[in-house]
Structures are given as C-alpha cells and as structure tokens.
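# Structural overview
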Amino acid sequence: MSPQENVAARKIGIALAGGGPLGGIYEVGAIAALAESFEGLDFNEADIYVGVSSGSFIAAALANGIAPMRLTHMLIDNGKTDEVFDPEVLLKPAFKEYWNRASSVPPLIWKSLKQFLSDPFDHGLYESFARLGRALPTGVFNNAGIGRFLSRLFRVAGRTNDFRKLPNKLFIVATDLDSGESVPFGSKDWDDVPIARAVQASSALPGLFPPVRVRGRYFVDGALIKTLHASVALKEGAKLVLCINPLVPFDAQLAEKRGAKERHKLVEGGLPVVLSQTFRAIIHSRMRTGMDRYQHQYPDADVVLFEPHADDAEMFFTNVFSYRDRHKLCEHAYQMTRRDLLRRRHMLRPVLARHGIRLRVDVLRDPHRTLLDEELPALEPARGLARVAVTLRHTLDELDAWLKARKA
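Residues numbered from 1 in each chain as written. Predicted model: local features only at pLDDT ≥ 70, side-chain atom pairs only at ≥ 80, totals over all residues. Heavy atoms only, no water.

Here we come to the environment of Arg349. As for its position among the elements, Arg349 is in helix H15 (residues 345-353). Its relative accessible area of 40% is what places Arg349 among the partly exposed residues. The spacing of Arg349 and Arg360 is 11 residues in sequence and 9.5 Å in space, taken between C-alpha atoms. (Helix = DSSP H or I, 4+ residues; strand = E, 2+ residues; numbered from the N terminus. Buried < 20%, exposed > 50% of the residue type's maximum accessible area, 1.4 Å probe, protein only.)

Printed below as a string of structure tokens:
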C-alpha cells in the first residue's frame, strides 16, 4: 500500500466530553479553531463521532453536517440563524416528575405508619418512614427541550434523526441507571433509537434531570462511567482521535503565579463552586487515567487531547446563561485553542501528518483572526427577533405535547 493509500485508509474520530452548556460552548469555539487550522480534515466528514452529555449535542450536529461556524451562531444567538438553542430551556421545572412523586406520598405514608404501628419497638420511627425518600423527585429540571430542539433541527433536508442514515458513524454514550453499564447509542443493537432521544439520555445529569426512558430502561449522563469514551472510536478502528474536554479543575495558585488580575478563593463561591471544583477534579483524574490506558491498548493509534488550562479563570467562572458571557466564552475558547496549537505545533505536526493533515501555522500566527468579530451591542435587535422565534416554537411544541397527552 502506498503512503497516499495508507493515509486514505486511516480512520479519524472525534470524541467530545460533557460539561453542560458551558462545555458545549467551549467545544464549539475550540472546534472552530481546529477546523480552520487543520488542512486535510473536514470536521463534518470525520469517520467516527463519539459524544457524551453536552458533547453528544455537538457530535450529533457535526455528524449531521452542521458546520462549526453555524454551530457557533446557533449557541451564541447572534441573530445570524433562526436555529437558536437557548440554554434556558434546561431550566424548566420537571413538573411531571414532581406530580408523579407527590402522588406517591399518601400510600407511602400509610405503609410507613402501618409498619411502625405493627411493631414500634422493633421498627423505629426513622426506619419506618425512611421509605418516604422515594417521594423525592429524581430531577429538578426537565431536559426534554433538548430532544425537541434536535428533533426539529434534524428534520431539515440533508439531516437525519436516524443513526442508520448518517454517512458516518455516530455514537452517543449514556449510562444505564440500573446496571451502571455504558450504552453507546448508534451501535448495532442501539441504532434504532432516535438521535435526539439518545442525546437527551446522555445529557440527563443525575439530580439535575430525571433519567430518560428508552426501551423500558432508564438512562442518565454518559459521563458517570467515563469522561470521554474515546475508546468507542478506537474500537471502531480509528487511528487518530481528536478529543476535547472542556472541564478541568481550576488552579487558583497557578493563576495567581501567572499574574491573574483577581485572587480566587473558591470557598468564597459557596456550594456551587465547591461542587463544580470537586466534580471537575474527579472526572479529570479519571480521564487522565483513561488517556494513559489508550496508549497501551492502542499503540498504533494517536489520541490528541485539547482542553482549557488549569489557570483559566474565564472558563471556570463564566455565567453560561448570560448572552454576553456566552459570546466571550466562545471567542475565548477559539483564541485559547489557537494559542495551544501554536505552542504544541512541533509535537502535533508529525502526528497529524501521519493522517494526511497539515497544521496551518500561518493561520495560527495571524493576529487579526477572530471567531465573533462583530460588536455585541449591535446584535441586540436581531437577537431579540431570533429569541422571539425560538420562544414561540418552544411554546407551540409544549402546547402540542399537552394536547397529545390530553387526547391520550
């Protein structure tokens, strides 16, 4: 086989980790930087896509031919597309879950009281009423809006909500709640599940969103077992896997040493910040272990990771529900990835060359390149119209769902 044929035969995979709306926006900015810097790779024509949690949203869009720049407009809401995803749809209360759990309270109280009265000395009060924990909702918010948005998005001509109709391979990883098993939707036994439903299942972070039912089984966030699941692409024969992980633990001391404008004491941020740092530390440590394992299990494959620096305060403290902050974060991710590519160019060049990809150093050295070059205030009128259209579509979808439920 000639060198040209060898390069053509090499499969390329893209693996995207989770991280909520924050992670998704970071991944889009990073992908935009990679796409313009890699000559010889179309990010809509990779052989294999693997997505977990919010990364599943981005992976499904890329596999469906939605270009990185269009994804940027979709998530930033700058008035350049009517296909706008508003993260606020993730903050709608899970009323159905509340009702189902609330309706279980009376029989649970009766059973608990009956058990206690039957033998109050053997069954203590706390033990008898412990079963009331079953009445607590399994999720605070409803992430069904993700499924509805993607179902609409993939109805457009040239796109599909069917794994089997894609020109490439797409795997959306979720976790079976009852077994703890990782399930790659899109694999042979799971490719009949709609892509939008698979993304909803992969994004169901326990405690925040209720588990998603698929074929009578309940699924939650795919990051519970692994952070990246790049092994799914490697098992499919990928020889180069480009990985993006948006969540890293923040190193306040390192940030201070490197001249951060503000000193950060994470404990001052309260419980949300402490939990965020804890979660990031756990998943990042686990991901690093997995990356080391890939080198031993797949010695003939190249796995390249892109992620924020540990002292990146902007990535850690961004308010993803602010339009201005989203705009800044996406541009920030784009610029930081460009700098990272330029810094690592001597190591990356031979790795990418093995797979027929040339790193455009001239592009990386261009100081005038920006992802979002327009002034933010000028976009407010267009953004307002886009938001009205999105809100109207969401309302009509909810009304339609309610009418179908009433009819049933």
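Now, onward.
On to the packing of aromatic side chains, then. Enumeration over the complete set of coordinates arrives at 10 aromatic pairs. With a centroid separation of 5.1 Å and 55° between ring planes, the pair formed by Phe57 and Phe85 is classed as tilted. Separated by 28 residues along the polypeptide, Phe57 in helix H3 (residues 54-63) and Phe85 in the loop between helix H4 (68-76) and helix H5 (95-103) bring together distant segments of the chain. Neither Phe57 nor Phe85 differs from the other in exposure class; each is buried. (Phe/Tyr/Trp six-rings, centres within 6.5 Å; stacked < 30°, edge-to-face > 60°.)

Right, let's talk about unusual backbone geometry for a bit. For Arg215, which is not glycine, the phi torsion reads 55° and is therefore positive. Here Arg215 lies in the loop between strand S6 (212-214) and strand S7 (217-221). Among the residues examined, Arg215 registers a relative accessible area of 47% and is labelled partly exposed. Phi is positive for His229, which is not a glycine, with a value near 60°. For His229, the location among the structural elements is in the loop between S7 and helix H10 (230-235).

This part covers the packing of helix H2 (residues 20-37) against H3. Look at H2 against H3: their axes get within 8 Å of each other, and the N-to-C directions meet at 40°. It follows that H2 is oblique to H3 by the angle criterion. Crossing geometry of H2 relative to H3 is assigned as right-handed. Of H3, the residues touching H2 (which contributes Gly20, Gly23, Gly24, Glu27, Val28 and Ile31) are Ser54, Gly55, Ile58 and Leu62. Along the lines of polarity and charge, the residues of the contact of H2 with H3 split into four nonpolar, five polar and one charged. (Axes fitted to C-alpha atoms, helices over the stretch in contact; angles between N-to-C directions. Parallel < 35°, antiparallel > 145°, perpendicular 65-115°, else oblique. Left-handed = near helix turned anticlockwise from the far one by under 90°. Contact = heavy atoms within 4.5 Å. Nonpolar A, V, L, I, M, F, W, Y, C, P; charged D, E, K, R; others polar.)

Most of strand S4 (residues 169-176) sits out of view: seven of its eight residues are buried. As paired elements, S4 and strand S5 (residues 182-185) share four bridges and run antiparallel to each other. Residue pairing in the sheet places Ile172 in a bridge with Phe185 of S5. Taking the residues between adjacent antiparallel strands as the criterion, S4 and S5 are bridged by five residues, where Gly180 takes a positive phi near 75°. (Pairing = 2+ DSSP bridges.)

On to helix H12 (residues 270-297), then. A rise of 1.5 Å per residue sets the reference length of H12, with its 28 residues, at 40 Å; its end C-alpha atoms lie 41 Å apart and thus fit the reference within 8%. Regarding H12, the residues found buried are Val273, Gln277, Arg280, Ile283, His284, Met287, Gly290, Met291 and Tyr294. (Expected span 1.5 Å × (residues − 1).)

A cluster of nonpolar residues, Leu205, Leu208 and Phe279, forms a patch on the protein surface that exposes about 220 Å² of accessible area. With respect to the helices, strands and loops of the structure, Phe279 is situated in helix H12. (Patch = residues over 30% accessible without salt bridge, like charges linked within 9 Å, V, L, I, M, F, W, Y side chains within 5 Å. Areas by Shrake-Rupley, 256 points an atom, 1.4 Å probe, with all protein chains shown as cover. Salt bridge = Lys/Arg side-chain N within 4 Å of Asp/Glu carboxyl O.)

In contact at an axis separation of 9 Å, H2 and H4 are set at 155° when each is read in the N-to-C sense. As judged from the angle between their axes, H2 and H4 are roughly antiparallel. Our pair here, H2 against H4, has a crossing hand that is left-handed. Across the interface between the two elements, Gly24, Ile25, Val28, Ile31, Ala32 and Ala35 of H2 pack against Pro68, Leu71, Thr72, Leu75 and Ile76 of H4.

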